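A structural walkthrough
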Amino acid sequence: MDMTNKEYGQYVNAKSKPSPLGRDMLWAFVVGGLICTVGQALLNLYQNAGMGRDDAGSAVSMTLIFAAALLTGLGLFDKLAKRAGAGTLVPITGFANAMVSPALEFKSEGMVTGTGAKLFTVAGPVLVFGISASILYGLILLLFFRG
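Now for a description of the structure that goes with this document. Since we're looking at a predicted model, the values are computed, not measured. (Residues numbered from 1 in each chain as written. Predicted model: local features only at pLDDT ≥ 70, side-chain atom pairs only at ≥ 80, totals over all residues. Heavy atoms only, no water.)

**Some remarks on the overall build of the protein chain**
Helix and strand counts for the protein chain stand at six helices and zero strands. In the protein chain, the order of α-helices and β-strands from amino to carboxyl end is α-α-α-α-α-α. Relative to the 2.2 N^0.38 estimate, which gives 15 Å for 147 residues, the radius of gyration of the protein chain is 21 Å and therefore markedly larger than a compact globule would have. Within the protein chain, the proportion of its 147 residues that are buried is 20%. Restricting the contact set of the protein chain to residue pairs at least 6 apart, pairs at least 24 apart contribute 51%. Looking at the protein chain as shown, the accessible area adds up to about 10800 Å², and 69% of this sits on carbon and sulfur atoms. Charged side chains in the protein chain number 11 positive and 8 negative. The centres of these two groups are separated by 6 Å. (Helix = DSSP H or I, 4+ residues; strand = E, 2+ residues; numbered from the N terminus. Rg over C-alpha atoms; globule rule 2.2 N^0.38 Å. Buried < 20%, exposed > 50% of the residue type's maximum accessible area, 1.4 Å probe, protein only. Contact = heavy atoms within 4.5 Å. Areas by Shrake-Rupley, 256 points an atom, 1.4 Å probe, with all protein chains shown as cover. Lys, Arg positive; Asp, Glu negative; His and termini not counted. Charge placed at Lys NZ, Arg CZ, Asp CG, Glu CD.)

**Comments concerning the environment of V90**
Inspection of the secondary structure assignment puts V90 in the loop between α4 (76–84) and α5 (91–105). In sequence terms V90 and A28 are 62 residues apart; their C-alpha atoms lie 9.8 Å from each other. Excluding its chain neighbours within four sequence positions, the residues that come into contact with V90 are G32, I35 and C36.

**Observations concerning the nonpolar core**
Membership of the largest hydrophobic core is limited to seven residues, which are L42, L43, Y46, A56, A59, V60 and L64. Those elements that provide at least two residues to this core are α2 (21–48) and α3 (53–73). Looking at which element gives the most residues to this core, the answer is α3, with four residues. Not counting residues within four places of it along the chain, the set of residues in contact with V60 comprises G39, L42, L43 and Y46. (Core = buried A, V, L, I, M, F, W, Y, C linked by side-chain atoms within 4.5 Å.)

**A short note on the environment of A59**
Relative to the elements of secondary structure, A59 occurs in helix α3. When its relative accessible area of 8% is taken as the criterion, A59 is described as buried. Note: C-alpha distance between A59 and G32 (27 residues apart in sequence) is 19 Å. If we skip the residues at most four places from it in the chain, A59 touches Y46 and M51.

**Quick word on α3**
Note on helix geometry: an α-helix contains 3.6 residues per turn, so any two residues three or four positions apart are oriented the same way. Over its 21 residues, α3 extends 30 Å from the first C-alpha to the last, a length consistent with the 30 Å expected when each residue adds 1.5 Å. Turning to α3, its buried residues are A56, A59, V60, L64, A68 and T72. Next to the buried residues of α3 lie α2, α4 and α5. Just beyond α3, the residue with positive phi is G75, at close to 80°. (Expected span 1.5 Å × (residues − 1).)

**Quick look at α2**
Helix length check: α2, at 28 residues, gives a terminal C-alpha distance of 40 Å against a target of 40 Å (1.5 Å per residue), a fit within 8%. Backbone geometry just downstream of α2 places G50 in the positive-phi region, at approximately 110°.

**Re the packing of α3 against α5**
Relative orientation of the contacting elements α3 and α5 amounts to 40°, with a least axis distance of 8 Å. Classified by the interaxial angle, the pair formed by α3 and α5 is oblique. At the point where α3 passes α5, the crossing takes the right-handed sense. For the pair α3 and α5, the contacting residues are S61, L64, I65, A68, A69, T72 and G73 in the first and I92, T93, A96, N97, V100, S101 and L104 in the second. Looking at the contact of α3 with α5 residue by residue, the class counts come to eight nonpolar, six polar and no charged. (Axes fitted to C-alpha atoms, helices over the stretch in contact; angles between N-to-C directions. Parallel < 35°, antiparallel > 145°, perpendicular 65-115°, else oblique. Left-handed = near helix turned anticlockwise from the far one by under 90°. Nonpolar A, V, L, I, M, F, W, Y, C, P; charged D, E, K, R; others polar.)

**Things to note about the pattern of salt bridges**
Taken as a whole, this structure holds one salt bridge when the rule is applied. The residue R23 makes a salt bridge to D24 at a minimum N-O spacing of 3.9 Å. Take R23: its relative accessible area is 48%, and that puts it in the partly exposed class. For D24, a relative accessible area of 30% corresponds to the partly exposed category. (Salt bridge = Lys/Arg side-chain N within 4 Å of Asp/Glu carboxyl O.)

Given below as structure tokens:
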């Protein structure tokens, strides 16, 4: 069956049920807000335990990454994401999920060629461009803003 892009778009629209946009936005807002609230509560907890603000911030990041990776490994993050949609894409938890998911999917291919290789399918480009941008930024500072 040959279809143009426009015909295919019409076909898909006819077959898919409409998304409850208002409810989806509310869930995304609530879940994203809860994740941020948990992060703030952890920051307060770590600071009250005697950590400085920078160390507490690092500890919060590590805790949220660990929690997202653990929930992904247990199959719970996907269930939450299916219900909450974009609310789970708060950058740190979404990135942790995006790294762990392909690694779990390809674990049957072995530790190196499966899990190890697929773990960096998302992280690789982020790391390359992040490191490249930081080097470029450092060079600009060095060359133009020496003081």
